[in-house]
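Fold and contact review
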Amino acid sequence: MIALGCDHGGFDLMQEVKKHLEERGLEYKDYGTYSKESCDYPVYGKAVANAIVSGECDKGILICGTGIGISIAANKVKGIRAAVVSDTFSAQATREHNDANIIAFGGRVVGVGLALKIVDTFLDTPFSNGERHKKRIAQIED
Ligand code: RB5
């Protein structure tokens, strides 16, 4: 199950992400926001982060204007590794090296085509399971 969260700056792009996940037959849970009305991104970053650490969802996708504020909020929750990316190389690397459990990007930064490639790369790339990466992730958790 994939947890989704956005603010007004990411709302339009999130509708495209949802359509894409549906086309792929992937299940998601939408934690809002549910309109383009101005709102506070920490609320949605926290909701998605909590959904992951509670085990309700496996991975999350967050979108605000830049992807930055909402990822900073999510990363305050222990166990969350949210990565802001604007390219597919980083999306792949953050799965392989950081075992990122949330991908974040900016609705005012990336276009729909690139955003969907980032989503696919994030969802389809496994953690490398390398010892050096596991050690570093454990250091982050500590
Ligand atoms: C909202 O205007 C904007 O600040 C927000 O979407 C995000 O970009 C914050 O990091």
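Parameters and conventions
- Residues numbered from 1 in each chain as written.
- Predicted model: local features only at pLDDT ≥ 70, side-chain atom pairs only at ≥ 80, totals over all residues.
- Heavy atoms only, no water.
- Helix = DSSP H or I, 4+ residues; strand = E, 2+ residues; numbered from the N terminus.
- Buried < 20%, exposed > 50% of the residue type's maximum accessible area, 1.4 Å probe, protein only.
- Contact = heavy atoms within 4.5 Å.
- Pairing = 2+ DSSP bridges.

With that settled, the discussion passes to the environment of Ile118. The residue Ile118 is located in helix H5 (residues 112–124) in this model. You can call Ile118 buried: its relative accessible area is 0%. Along the primary structure Ile118 and Gln92 are separated by 26 residues, whereas in three dimensions their C-alpha atoms are 8.3 Å apart. When sequence neighbours within four positions are dropped, the list of residues in contact with Ile118 reads Val85, Ser86, Asp87, Thr88, Ala91, Ile103, Phe105 and Val110.

For the rest of this paragraph, the subject is the pairing of strand E3 (residues 59–64). On a regular strand, one side chain projects to one face of the sheet and the next to the other, so that they alternate. With six of six residues buried, E3 is to be regarded as a mostly interior element. The two faces of E3 match: Lys59, Ile61 and Ile63 on one face and Gly60, Leu62 and Cys64 on the other face are all buried. Note: strand E1 (residues 2–6) against E3, five bridges, orientation parallel. The partner of Gly5 across the bridge, within E3, is Leu62. Relative to strand E5 (residues 102–106), E3 is paired through five bridges, and the arrangement is parallel.

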